[in-house]
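Report on the structure
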Amino acid sequence: MGLTIAQKIIKAHLVSGEMIPGNEISLRIDQTLTQDATGTMAYLEFEAIGIPRVRTELSVAYIDHNTLQSGFENADDHRYIQSVAKKYGLRFSRPGNGICHQVHLERFGKPGKTLIGSDSHTPTGGGIGMLAFGAGGLDVAVAMGGGAYYITMPKMFKVNLTGKLRPWVSAKDISLEILRILSVKGGVGAIIEWGGDGIKDLTVPQRATITNMGTELGATTSIFPSDEVTREFLKAQGREEDYTPLCSDEDAVYDRVIDIDLNTLEPLAACPHSPDNIKKISELKNIKVDQVCVGSCTNSSLADMLKVAAVLKGRTVDDSVSMSVSPGSRQVLTMLSECGALEDILASGARLLECACGPCIGMGFSPNSAGVSLRTFNRNFEGRSGTKDGQVYLVSPEVAAASAITGYITDPATLGDEPVITLPEKFKINDSAILLPADEKEAESLQILRGPNIKPFPETHPLKNDLCAELTLKVGDNITTDHIMPAGAKILPYRSNIPYLSKFCFAVCDESFAERAKAAGNSIIVGGSNYGQGSSREHAALVPLYLGVRAVVAKSFARIHVANLINAGILPFTFENADDYDKLTQGEKLRIDNVFEAMESGKATLLTESGEKISLVCSFSERQKDILKAGGLLPYTRG
Ligand code: MIC
Ligand code: SF4
C-alpha cells in the first residue's frame, strides 16, 4: 500500500510505536521553534531537564508576541531567552525580526523535516512540505534535549483542489471554505494533505496560509507536497540546496477525501466568534466596519502586503475606519519599502505596526466598544482582541483593504479589476537580526540572565488513587485556551509568573473562578466538546494545576491541550455518554475512586453528591500513565 506525504515523513522519523491510527507513536524531531509568550516557560523547563546543549539540527527562539515592553517583565524575559539561546546552542531571532512562523518559512523551513514549536500555528511549515506540529512548551523542551515527540498516529485526510482561484479570491478563502466544510472540530485526529491540480498555482506563502489555518480545524497538522513551486521559493530565499521533492504515492489511502473546486469559490468571512462561522462576503450587507487589521502569521507575506498596497494605492482609508498593517517579517517590510508599496499603504492613512503578532494576540489595537474589526488573522474567539464585545471577522487581505476604503464589509470585486502584483525572483536576505549561539567552549562560562518576574514552576503532586474534589466550573462546548488562560497586553507579560496569571484563569467565563478553585483546594472542571481548542499555551494547564485542578471531565478534548493536561499531571476523562454532562452541577462534590485501576481499564466512575454514578472513559499509553502517576512530564523526565 502506498504512503501519504505525512506517512513518509513519519516513517523516516519513527522512534517508537506502530503507524496505526489511534496508536501512540513517537518521532525524532529535526527542528524546534519557540516564541516568547511560551518560550520563557519552555526554557525554564529545558533548564530543569538539565541538558547542556540542544540536540536538534536547528532550534530557534523567536521574540514576536510580547513586544510591547510596557514594564520590565517582557524585557527581562527577552533577555533571559537571549542568554539561554546563546548558552544552549539556539539561534535567537530578535524582536522586530518578524513573526516566528513567517521567518521560519523564509529562512529555515526544509521539506521532509520534522518541526515542533511551542505555538499552535507551527503547521505553517507544512506549506513548504515540513511535518510541523504545535506543542506545549514541555514537549518542545524535551525535543530540544533530543527526546522524541509523542503523538497519536493520525488518520489521513486529503483535500483535492481543482481549477483556479478567480480574481479577488485568495488562499484565505480556501482556508475559510475548509472550515465551513469541516468545522473547528472536523480535523481532530487527522493530518490534512493538500493536493490536486489546483495547488500548482498556489505559491508557498499561499500554501502556508492554508496550513496555518488548518490549526483552526483541530487538525494534528496540514501539509503540501514539495514541488517546483517549493523549489522556486527556496531559490528566491537563496537556499535552493534545502529543496527535496516530496509527494504521496499514487496508491496512498486516505480516510477521507474532500474536493474543492477553486473556480466556484467566493470571498468569505468567519463571523464572530468562531473561525468556522462562515458566510459569503456577498451575504454580509451593510455591515459598518470600525477597524481593519492586516497581518498575523496567516496573511503577512510580501504578496499579501503588495496586494493590500495595490488596493490602497491612490485611495484613502474611510474616516470612520482605523487600519493597521503589520508585515510578517523584516524581510517583507524591507522589500515593501524598497519597491515603494509601503508609501502607498502609508499615504492611504493606514498605521504601520511592527513586524510582530500585535493585534492578533491583543497586544494593542483592540477594537472600540462593540466595534466591528475585520482581520486577516486566524482566530476570532470572544474577547481575544482585548475588547470583550468586539465583533471580529476573519477575512482575506483583499476584503480587508476594500472594506477599509468603503467603511463597510465590501466584496473587493466592486472595486474593479484585481491589481496584478509581481513578486521578485530573489528576496532580500539579511539575517543580521538572527543571532548565533556561542560555541560550546565559550558557552560553558556564560551566565543566564533572570529577572524577578520569573516565578517557580507550580508544585506537582504524584497521583493519588482516590480523588475527591469540588466541581468548581462547568463550561460548554468549544472552550478555547483563550477562555482558560486569556492573553492580551495586560496579562501576557506574566507568562513566567503562574501565581499572578492564575488571577485571570477563566475570567472570560467567570471572574470568580480563580478564588473559588483556590478555596476548594482540589477541583474538577467539566467541559463540553472540543475542550481546549486553539492555542498551544501550556499555561492553560499549568495555571489550573496551580489552582488545584486535578481532573477535567469533558465530552471531547483538543489535541494539544489534552497533551498539556497530561504533561501537567491533570487527569483528562471523557463522558462515556455525552448526555451525562447535563447531570452535573457546578459546586457539587465529586469522587473518582480507584484512579490507578481506571487508567488500566480505561473506565472510571464519577460519583456525584446525590449518589448518581456517571461512567467516564480514558485512554492512556503506558508512558502517559507513568507521566500522570509521577505528577507530570517534568517530574517524570527528571526521574
Ligand atoms: C495564539 O495565536 O493564540 C498564540 C498566542 O500564538 C498561542 C501561543 C501562546 O498562547 O503563547 C498559540 O497559538 O499557540
Ligand atoms: Fe502570533 Fe497570532 Fe500567529 Fe499566534 S496566531 S503566532 S498570536 S500572529
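Residues numbered from 1 in each chain as written. Chains lettered and ligands numbered in written order. Predicted model: local features only at pLDDT ≥ 70, side-chain atom pairs only at ≥ 80, totals over all residues. Heavy atoms only, no water.

**A few points about the overall build of the chain**
Quick note on the threshold: A run of H or I in DSSP becomes a helix once it reaches four residues, and a run of E becomes a strand once it reaches two; helices and strands are each numbered from the N terminus. Only protein chains enter the accessibility calculation, which uses a 1.4 Å probe; a residue is then buried when its area is under 20% of its type maximum, exposed when over 50%, and partly exposed in between. Note on contacts: a residue pair is in contact if any heavy atoms of the two residues lie within 4.5 Å. Using the Shrake-Rupley algorithm and a 1.4 Å probe, accessible areas are obtained, with residue cover drawn only from the displayed protein chains. By the counting scheme adopted, Arg and Lys are positive, Glu and Asp are negative, and His together with the chain ends is not counted. By convention, the charge on Lys lies at NZ, on Arg at CZ, on Asp at CG and on Glu at CD.
Looking only at helices and strands, the chain has 21 helices and 27 strands in total. In terms of overall dimensions, the chain has C-alpha extents of about 70 × 60 × 55 Å along its principal axes. For the chain, the residues scored as buried account for 62% of the 639 residues in total. Across the chain, contacts joining residues at least 24 apart in sequence account for 77% of those joining residues at least 6 apart. Counting every atom, the chain has about 22600 Å² of accessible surface; 48% of that belongs to carbon and sulfur. Of the charged side chains in the chain, 64 are positive and 76 negative, and the gap between their average positions amounts to 3 Å.

**Digging into the site of ligand 1**
Where we set the bar: The rule for a residue being near a molecule or strand is that one of its heavy atoms must lie within 4 Å of it. In protein, a polar contact means a hydrogen-donor-capable atom and an acceptor-capable atom, both N or O and within 3.5 Å, with residues adjacent in sequence counting only if both atoms are side-chain atoms; elsewhere, any N or O pair within 3.5 Å suffices. Within this scheme a cavity is a closed region of a 1 Å grid, computed over the protein atoms alone, that accommodates a 1.4 Å probe without allowing it to escape, whereas a pocket is open but has protein on both sides within 12 Å along at least five of seven lines; lining residues each have an atom within 4 Å of a point. Any molecule with more than half of its atoms within 2 Å of a cavity's or pocket's grid points is regarded as sitting in that cavity or pocket. Residues were grouped as follows: Ala, Val, Leu, Ile, Met, Phe, Trp, Tyr, Cys and Pro as nonpolar; Asp, Glu, Lys and Arg as charged; and all remaining residues, including Gly, as polar.
The local shell around ligand 1 holds 14 residues, among which Asp119, Ser120, Arg384, Ser536 and Arg537 are the closest. A distance of 2.6 Å separates an oxygen atom of ligand 1 from a polar atom in the side chain of Ser120. A distance of 2.7 Å is found between an oxygen atom of ligand 1 and a side-chain nitrogen or oxygen belonging to Arg384. For ligand 1, whose accessible area on its own is 340 Å², the fraction buried by protein is 97%. Judged by its atoms lying within 2 Å of the grid points, ligand 1 is housed in the largest cavity. Of the residues in the shell around ligand 1, the class split is two nonpolar, seven polar and five charged.

**What to know about the nonpolar core**
So the rule is basically this: We define the nonpolar core as a collection of buried residues of types Ala, Val, Leu, Ile, Met, Phe, Trp, Tyr and Cys that are connected through side-chain atoms lying within 4.5 Å of one another.
Counting residues in each nonpolar core, the largest one holds 70 residues, and the members touching the most others are Phe506, Phe513 and Tyr531. Setting aside anything within four residues of it in sequence, one finds Phe513 in contact with Thr472, Leu473, Cys505, Phe506, Ile525, Leu547 and Val549. Judged by nonpolar contacts, the second largest core, of 58 residues, contains Met130, Tyr243, Leu306 and Leu336.

**A word on the sheet that holds strand β8 (residues 149-152)**
How we decide: DSSP bridges decide pairing: two strands pair if at least two such bridges lie between them. Lines fitted to C-alpha atoms define the axes, with helix axes restricted to the stretch in contact, and inter-axis angles between N-to-C directions lie between 0 and 180 degrees.
Strand order in the open sheet formed by three strands is β1-β2-β8, and the pairing between neighbours is antiparallel. At either end of the open sheet lies a strand with only one pairing partner, and these are β1 (14-16) and β8. Strand after strand, the sheet turns through a mean of 45° between neighbouring axes, direction not considered. The pairing of β1 with strand β2 (residues 24-27) spans two bridges and is antiparallel. Paired with Ser16 across the bridge in β2 is Ser26.

**Some details on empty space enclosed by the protein**
As a reminder of what qualifies: Grid points are joined across faces, edges and corners, and a volume is the space filled by probe spheres set on the points.
Counting across every chain of the model gives six cavities of 30 Å³ or more. By volume, the largest cavity amounts to about 220 Å³. Lining of the largest cavity is provided by 24 residues; of these, Gln35, His65, Asp119, His121 and Arg384 occupy positions nearest its centre. Those elements giving two or more residues to the lining of the largest cavity turn out to be α2 (36-49) and α4 (100-107). Empty space within the second largest cavity amounts to approximately 180 Å³.

**Digging into a negative patch on the surface**
In plain terms, the rule: Here, patches come from residues exposed beyond 30% relative accessible area and free of salt bridges, joined within 9 Å for like charges and within 5 Å for nonpolar side chains (Val, Leu, Ile, Met, Phe, Trp, Tyr). By convention in these notes, a salt bridge is any Lys or Arg side-chain nitrogen within 4 Å of a carboxyl oxygen on Asp or Glu.
A contiguous patch of negative charge, built from Asp439, Glu440, Glu442 and Glu444, is present on the exposed surface. The topology assignment puts Asp439 in the loop between β20 (434-435) and α13 (440-444).

**Some points on the environment of Lys589**
Its place among the elements puts Lys589 in strand β25 (residues 589-592). Between the C-alpha atom of Lys589 and that of Trp168, which follows or precedes it by 421 residues, the distance is 56 Å. Contacts of Lys589, omitting those with residues within four sequence positions, involve Ala469, Glu470, Leu607, Thr608 and Glu609.

**A closer look at the side chain of Ser536**
In this structure, Ser536 sits in the loop between β22 (523-526) and α17 (539-546). Within polar-contact distance, the side chain of Ser536 engages the backbone oxygen of Ser118 at 3.4 Å. The contacts of Ser536, once residues within four sequence positions are left out, are Ser118, Asp119, Ser120, Ala135, Gly136, Ile560 and Asn564.

**Re the pairing of strand β26 (residues 603-607)**
Only one face of β26 is covered, namely the face carrying Ala604 and Leu606; the face carrying Lys603, Thr605 and Leu607 is uncovered. In terms of strand pairing, β25 meets β26 through two bridges, oriented antiparallel. Looking at β26, one finds that Ile592 is bridged to Leu606. One ladder, built from five bridges, connects β26 with strand β27 (residues 613-617); its direction is antiparallel. If you follow Leu606 over to β27, its bridge partner there is Ile614. Between the antiparallel neighbours β26 and β27 lie five residues, among them Gly611 with a positive phi of about 90°.

**Thoughts on helix α7 (residues 204-213)**
Most of α7 sits inside the fold, with nine of its 10 residues counted as buried. Residues of α7 that are buried sit in contact with α4, α6 (171-182), β10 (190-195), β11 (221-223), α8 (228-236) and β19 (391-394).

**A look at the site of ligand 2**
Within the structure, ligand 2 sits among His65, His101, Asp119, His121, Ser296, Cys297, Cys357, Cys360, Ile361, Asn378 and Arg384. For the shell around ligand 2, the class distribution of residues is four nonpolar, five polar and two charged.

**Considerations on the packing of aromatic side chains**
For clarity, the threshold we go by: Note on aromatic contacts: the rings of Phe and Tyr and the six-membered ring of Trp form a pair at centre separations within 6.5 Å, being stacked when their planes are under 30 degrees apart, edge-to-face when over 60 apart, and tilted otherwise. We call a charge positioned over a ring when the NZ of a Lys or the CZ of an Arg lies within 6 Å of the ring centre and within 35 degrees of the ring normal.
According to the stated counting rule, one finds nine aromatic pairs in the structure shown. Arranged with centres 6.0 Å apart and planes meeting at 65°, the rings of Phe233 and Phe427 form a pair that is edge-to-face. With Phe233 in helix α8 and Phe427 in the loop between α12 (397-406) and β20, the pair connects residues that are 194 residues apart, well separated along the chain. A relative accessible area of 8% places Phe233 in the buried class. Each residue in the set Tyr494, Tyr500 and Phe504 is aromatic and connected to the rest through ring pairs, giving one cluster. A cation over a ring is seen here: Lys288 above Tyr408, with NZ or CZ 5.4 Å from the ring centre. The ring of Tyr150 carries Arg623 above its face, with NZ or CZ at 3.6 Å from the centroid.

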